[in-house]
Amino acid sequence: MDIQQNQLCLCGVIETEPVPDHEVFGEKFYRMDLKVPRLSGTNDILPVTISERLMDTQIMPGVHICITGQLRSYNKVMGGAGRLLLTAFAQRLLSPDEAENPNIVHLTGALCKPPSFRTTPFGREIADLMLAVNRSFGKSDYIPCIAWGRTAHYAASLNVGDKLQVQGRFQSREYQKQLPDGTSINRTALEVSLSRLTRIENELPLMPRDVSLQDVPPRGLQ
């Protein structure tokens, strides 16, 4: 199977009622949460955007579905600041028998921010990366990725503009964000947890400069 620049497969149980999200050229898109199991027995609660064209079948809470599609990013103003949000953009529904893995993501793109390497209080080594993945019509999706252990060490040596091919899973992760006044709030991070990371030499259009979340322009999902 040829790995495209942006490809995902998710299988899980619909957690929330689909609600209208946006419309493009008269085509309506809905948003819902999908509960996707991990091997550990826990679950990821992941946002899915789905077209009305794919809703001929039963799309309601409690129904088990499998989708293939892409990871899409968009910038949303929350609390007066821009936040980069991710969604799984469904392009096709599969039968459960067709899916080889309930949660797998393949991405090819350019590193658009310097990697951030850190060690947790429990001694786990982590590297955060931001990958710019080209889309049709001159658009790009900005995909946060997280690497662990030896992969994190390798990721820390990469430079902005490096072309990367990655494999992993789309995950939700709870964390506490420290506020300037010393208090903290609970947040949910959506990201790709990497199981494989390769630097490639193929020519890809590079980001002209480092970007921050405030730099990322709002992007339509279609």
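My aim in this report is to walk through the structure given alongside it, one point at a time. Please read these numbers as outputs of a predicted model, since none were measured by experiment.

## Observations concerning the overall build of the protein
Part 1 of the reasoning: Each helix and strand counted, the protein has one helix and 12 strands in total.
Part 2 of the reasoning: In the protein, the order of α-helices and β-strands from amino to carboxyl end is β-β-β-β-β-β-β-β-β-β-α-β-β.
Part 3 of the reasoning: Scored against the burial criterion, the 222 residues of the protein give a buried share of 44%.
Part 4 of the reasoning: In the protein, 63% of the contacts between residues at least 6 apart in sequence involve partners at least 24 apart.
Part 5 of the reasoning: Per element, the accessible surface of the protein, about 12,000 Å² overall, is 50% carbon and sulfur.

## Remarks on unusual backbone geometry
Part 1 of the reasoning: One non-glycine residue with positive phi stands out, namely F25, at about 50°.
Part 2 of the reasoning: Along the chain, F25 turns up in the loop between β2 (19–24) and β3 (27–37).

## Details of the pattern of salt bridges
Part 1 of the reasoning: Enumeration according to the criterion identifies six salt bridges in this entry.
Part 2 of the reasoning: A salt bridge links R38 to D44; the nearest nitrogen and oxygen atoms lie 2.8 Å apart.
Part 3 of the reasoning: By relative accessible area, which is 25% here, R38 ends up partly exposed.
Part 4 of the reasoning: The buried category is assigned to D44, whose relative accessible area is 1%.
Part 5 of the reasoning: For D162, the salt bridge is made with R199, and the minimal N-O distance between the two is 3.3 Å. One end of the pair, D162, is in the loop between α1 (149–156) and β11 (163–178); the other, R199, is in strand β12 (residues 184–200), and 37 residues separate them in sequence.

## A closer look at the environment of C112
Part 1 of the reasoning: Along the polypeptide, C112 turns up in the loop between β7 (103–111) and β8 (116–119).
Part 2 of the reasoning: For C112, a relative accessible area of 0% gives the class buried.
Part 3 of the reasoning: As a C-alpha pair, C112 and V133 span 21 residues in sequence and 9.7 Å in three-dimensional space.

## Examining the state of the cysteines
Part 1 of the reasoning: Throughout the structure, instances matching the rule amount to one disulfide.
Part 2 of the reasoning: Here C112 is not cross-linked by a disulfide; its sulfur's nearest cysteine counterpart is in C145, at 9.6 Å.
Part 3 of the reasoning: Of the residues examined, C145 reaches a relative accessible area of 4% and is grouped as buried.

Quick notes on the rules
- Residues numbered from 1 in each chain as written.
- Predicted model: local features only at pLDDT ≥ 70, side-chain atom pairs only at ≥ 80, totals over all residues.
- Heavy atoms only, no water.
- Helix = DSSP H or I, 4+ residues; strand = E, 2+ residues; numbered from the N terminus.
- Buried < 20%, exposed > 50% of the residue type's maximum accessible area, 1.4 Å probe, protein only.
- Contact = heavy atoms within 4.5 Å.
- Areas by Shrake-Rupley, 256 points an atom, 1.4 Å probe, with all protein chains shown as cover.
- Salt bridge = Lys/Arg side-chain N within 4 Å of Asp/Glu carboxyl O.
- Disulfide = S-S within 2.5 Å.

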